[in-house]
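# Observations on the three-dimensional arrangement
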Amino acid sequence: MKFELQDEYIELYKLLKVLDLVDSGAEAKLIVADGHVRRNDEIELRKSAKIRSGDIIEVADVVIEVVSK
């Protein structure tokens, strides 16, 4: 799946919420903190990590390619 950035970046937990991968921001923060999210093939534990164009995010079996507008 591709996600087109509207700004310079989006915070990781907000990305998960916008894409409806979670039901709430709190749930998004929880799955990040528990180590269930990979960013560019490394576990990302920072809930507010700035996700920029070119990043690849993996959550369970969902792969998100972040592209610029």
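Residues numbered from 1 in each chain as written. Predicted model: local features only at pLDDT ≥ 70, side-chain atom pairs only at ≥ 80, totals over all residues. Heavy atoms only, no water.

We now examine the pattern of salt bridges. Enumeration according to the criterion identifies seven salt bridges in this entry. For Lys2, the salt bridge goes to Glu65, with nearest N and O atoms at 3.6 Å. With Lys2 in strand E1 (residues 2-5) and Glu65 in strand E7 (residues 62-68), this residue pair connects regions lying 63 residues apart in the sequence. Notably, a salt bridge pairs Glu11 with Lys14, separated by 3.8 Å at the nearest N-O pair. The partly exposed category is assigned to Glu11, whose relative accessible area is 21%. Where salt bridges share partners, they join Arg39, Glu44, Arg46 and Asp55 into one cluster. (Salt bridge = Lys/Arg side-chain N within 4 Å of Asp/Glu carboxyl O. Helix = DSSP H or I, 4+ residues; strand = E, 2+ residues; numbered from the N terminus. Buried < 20%, exposed > 50% of the residue type's maximum accessible area, 1.4 Å probe, protein only.)

Mapped onto the fold, Ala49 is located in the loop between strand E4 (42-43) and strand E5 (50-51). Relative accessible area serves as the criterion here: at 3%, Ala49 is assigned to the buried category. Considered as a pair, Ala49 and Phe3 are 46 residues apart in the sequence and their alpha carbons are 16 Å apart. Once residues lying within four places of it in the same chain are set aside, the contact partners of Ala49 are Ile10, Glu11, Leu12, Arg39 and Glu44. (Contact = heavy atoms within 4.5 Å.)

All right, on to unusual backbone geometry then. Generally, phi is negative for residues other than glycine and the peptide bonds are trans, each holding for most cases. In this structure, Asp20 is a non-glycine residue whose phi angle is positive, near 60 degrees. Along the chain, Asp20 turns up in the loop between helix H1 (12-18) and helix H2 (25-33).

Here we come to the nonpolar core. Formed by 18 residues in total, the largest nonpolar core has its most connected members in Leu12, Leu16, Val37, Ile51, Ile57 and Val66. Listing elements by their share of this core, those giving two or more residues are E1, H1, H2, strand E6 (56-59) and E7. Broken down by element, this core gets its largest block of residues, four residues, from H1. Beyond its immediate chain neighbours, meaning those up to four positions away, Leu12 contacts Val32, Val37, Glu44, Arg46, Lys47, Ser48, Ala49, Ile51 and Ile57. (Core = buried A, V, L, I, M, F, W, Y, C linked by side-chain atoms within 4.5 Å.)

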